[in-house]
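One-letter residues, chain by chain:
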Amino acid sequence: MALRTRLTELLGIEHPIIQGGMAWTATAELAAAVSNAGGLGIIGAGHMPTDLLREQIRRAKQLTDRPFGVNLMLLTPHIDELVQMVLDEHVAVVTTGAGNPSRYMAALKEIGIKVLPIAPSVALAKRMESIGADAIIGEGMEAGGHIGDLTTMVLTPQLVDAVSIPVVAAGGIADGRGMAAAFALGAEGVQVGTRFMCAEECTIHPAAKQAVLKAKDRDTVVTGRSTGHPVRVIKNKLSRMLEELDRENRVEELESLGSGKLALAMREGDTSMGSLMAGQAAALVCRIQPAAEIVTEMMDEAEKAMCRLGACPIEG
Ligand code: TUI
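Residues numbered from 1 in each chain as written. Predicted model: local features only at pLDDT ≥ 70, side-chain atom pairs only at ≥ 80, totals over all residues. Heavy atoms only, no water.

Enquirer: What's the story with the overall build of the protein in this structure? I'm lost.
Expert: Scanning the protein for helices and strands turns up 14 helices and eleven strands. Computed over the C-alpha atoms, the radius of gyration of the protein is 18 Å, within 12% of the 20 Å expected from 2.2 N^0.38 for a compact globule of 316 residues. Counting over 316 residues, the protein shows a buried share of 55%. Within the protein, counting contacts between residues at least 6 apart in sequence, those at least 24 apart form 61% of the total. (Helix = DSSP H or I, 4+ residues; strand = E, 2+ residues; numbered from the N terminus. Rg over C-alpha atoms; globule rule 2.2 N^0.38 Å. Buried < 20%, exposed > 50% of the residue type's maximum accessible area, 1.4 Å probe, protein only. Contact = heavy atoms within 4.5 Å.)

Enquirer: How should the packing of helix H6 (residues 122–130) against helix H7 (residues 152–162) be read in this particular structure?
Expert: In helix packing, the relevant descriptors are the interaxial angle and the interaxial distance, both defined with respect to the helix axes. At a closest axis distance of 10 Å, the pairing of H6 and H7 adopts a crossing angle of 35 degrees. Like other packed secondary-structure pairs, H6 and H7 cross with a definite hand, here right-handed. Where H6 approaches H7, its residues Val122, Ala125, Lys126 and Glu129 are matched on the opposing element by Leu155, Gln158, Leu159 and Ala162. Looking at the contact of H6 with H7, its residues break down into five nonpolar, one polar and two charged. (Axes fitted to C-alpha atoms, helices over the stretch in contact; angles between N-to-C directions. Left-handed = near helix turned anticlockwise from the far one by under 90°. Nonpolar A, V, L, I, M, F, W, Y, C, P; charged D, E, K, R; others polar.)

Enquirer: Where do I start with the side chain of Thr8 in this structure?
Expert: Assignment of secondary structure puts Thr8 in helix H1 (residues 6–11). At a separation of 2.9 Å, a polar atom in the side chain of Thr8 contacts the main-chain carbonyl oxygen of Thr5. Not counting residues within four places of it along the chain, the set of residues in contact with Thr8 comprises Leu3, Ile13, Glu14, His15 and Pro16. (Polar contact = N/O pair within 3.5 Å; in protein donor to acceptor, adjacent residues only side chain to side chain.)

Enquirer: Looking at this structure, how should I read the site of the ligand?
Expert: Around the ligand lies a shell of 15 residues, among which Ala98, Gly99, Leu124, Glu139 and His146 are the nearest. Take Glu139: an N or O atom from its side chain is 3.1 Å from a nitrogen atom of the ligand. Measuring from a nitrogen atom of the ligand, one finds a backbone N or O atom of His146 at 2.9 Å. Partitioned by chemical class, the residues of the shell around the ligand number eight nonpolar, six polar and one charged. Formed jointly, the shell around the ligand draws a minimum of three residues from each of two domains, domain 1 (6–203 + 286–308) and domain 2 (206–281). (Near = heavy atom within 4 Å. Domains from an automatic or database assignment.)

Enquirer: Looking at this structure, I do not really get the packing of helix H2 (residues 28–36) against helix H3 (residues 50–63). What am I missing?
Expert: Remark: H2 packs on H3, axes separated minimally by 9 Å, with the N-to-C direction vectors making an angle of 35 degrees. Read as a crossing pair, H2 and H3 show a hand that is right-handed. Contact residues: Ala28, Glu29, Ala32 and Asn36 in H2; Gln56, Arg59, Ala60 and Leu63 in H3. When the residues that make up the contact of H2 with H3 are grouped by side-chain class, the tally is four nonpolar, two polar and two charged.

Enquirer: Sorry, what's going on with the nonpolar core here?
Expert: Here is a general trend for soluble globular proteins: nonpolar side chains tend to be buried in one another's company. In terms of nonpolar packing, the biggest core is built from 46 residues, with Ile17, Met179, Phe196 and Val212 touching the most fellow members. Elements with a contribution of two residues or more to this core: H2, helix H8 (176–184), strand S9 (189–192), helix H9 (194–197), helix H10 (206–214), helix H13 (261–266) and helix H14 (291–308). Among the elements that take part in this core, H14 stands out by supplying eight residues, more than any other. Counting only domains with at least three residues in this core, you end up with domain 1 (6–203 + 286–308) and domain 2 (206–281). Apart from the residues within four sequence positions on either side, Phe196 is in contact with Ile17, Gln19, Met22, Leu30, Val34, Cys202, Ala291, Ile294 and Val295. By size, the runner-up hydrophobic cluster in this structure holds 36 residues, among which are Met48, Ala125, Val163 and Val167. (Core = buried A, V, L, I, M, F, W, Y, C linked by side-chain atoms within 4.5 Å.)

Enquirer: What is the right way to look at the pairing of strand S3 (residues 68–73) in this model?
Expert: Across a regular strand the side chains alternate sides, sitting on one face of the sheet and then on the other. Counting buried residues along S3, six of its six residues qualify, which places the element largely inside the surrounding structure. The alternating pattern of S3 places Phe68, Val70 and Leu72 on one face and Gly69, Asn71 and Met73 on the opposite face, and all of these are buried. Two strands pair when backbone bridges link them, and strand S2 (residues 41–44) and S3 are joined in this way by four bridges, in the parallel orientation. Counted as the bridge partner of Ile42 is Gly69 from S3. Crossover connection from S2 via H3 to parallel S3: handedness right-handed. In this view, the connection linking S3 to its parallel neighbour strand S4 (residues 93–97) by way of helix H4 (residues 79–89) has right-handed handedness. (Pairing = 2+ DSSP bridges. Right-handed = clockwise from strand over helix to strand, strands pointing away.)

Enquirer: I tried to follow the domain arrangement of the protein on my own but got confused; where do I start?
Expert: For interface size, the figure often reported is the accessible area lost on association. Per the domain assignment, the segments of the protein are domain 1 (6–203 + 286–308) and domain 2 (206–281). Each of domain 1 and domain 2 was reduced to a C-alpha centroid, and the two centroids are 22 Å apart. Residue-level contacts link 23 residues of domain 1 with 19 residues of domain 2. When the buried area of domain 1 at its contact with domain 2 is split by residue, Trp24, Thr194 and Met197 rank highest and sum to 31% of it. Between the two partners, domain 1 and domain 2, sit zero salt bridges. Applying the counting criterion to the domain 1 and domain 2 interface returns nine residue pairs in polar contact (both at pLDDT 80 or more). Listing elements by their share of the side of domain 1 that touches domain 2, those giving two or more residues are strand S7 (145–146) and H9. Taken together, the residues of the side of domain 1 that touches domain 2 break down into 14 nonpolar, six polar and three charged. (Buried area = accessible area lost by both parts, 1.4 Å probe. Salt bridge = Lys/Arg side-chain N within 4 Å of Asp/Glu carboxyl O.)

Laid out in structure tokens, this is it:
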């Protein structure tokens, strides 16, 4: 099935599915696999050193002829250097997370990079539209990693009402039913992170994939509220320690205990003391499969769900 929207036109992709830009998780291999499947693959920069991100971009260019993007995590200290390199490498699309990308917008737009800021609120989305964002990714608190405080269900329609550029719904979407729901709310695309953690091409440690597969409905928790940067993770020994520090407002200890733990989970496979960032939708993920299968399964399910509701997409 083809589901064309302003987003697929804007990005030159076949299916309105953007892969989440997960740090230590969304590598060139995964991004290229998603782009080759007709979605938009994203390399997650996180705190990656500039040279490593450049290598990743070049690797993705070798693995796919289709557009892909880079997610820039704005809290990283060397963000200015990463932006400059992304400009030099002329990537097709940049998504931004964990902050306000205003100061980089003009430079990115000037050379034709499509910029899709992730916004957890209406105010930020409106500001981003006013300075030239091409689309807004509205991320609800069902998502994994660093989150805002609104749910996808209430954030998405408010964004659709507030801006005239396309809105991409993110947070809690892991199958075609969620995708159809996002479209019902007015979104023109979805961003999917957690389900792609269990793509065959995702290079995280197998134990981290198993933790996602095992997660049930109430197995994620938000830690780090007291730091001002709340993060959703799959519950484990580390999350319980962080929760305790949160309760006692021991912010410095919390930050130092959390440091480096995402790599510990995703690279080393330490599911006890690593930070297993994943969304509530982990409970909906039940097998490891190729990224292309995830994309086609989601599209087929979305079509079924829409037809069931009497809203069959027109194109065959
Ligand atoms: O960025 C994400 N998810 C992330 S980033 C990350 S690395 C990290 N680790 C620990 C603490 C903080 C970051 C792990 N997961 N998603 C997109 C997202 N962006 N969620 C929320 C936001 C956001 C929050 C505030 C975007 C903009 C914003 O603006 C504040 C402002 O300045 O207006």
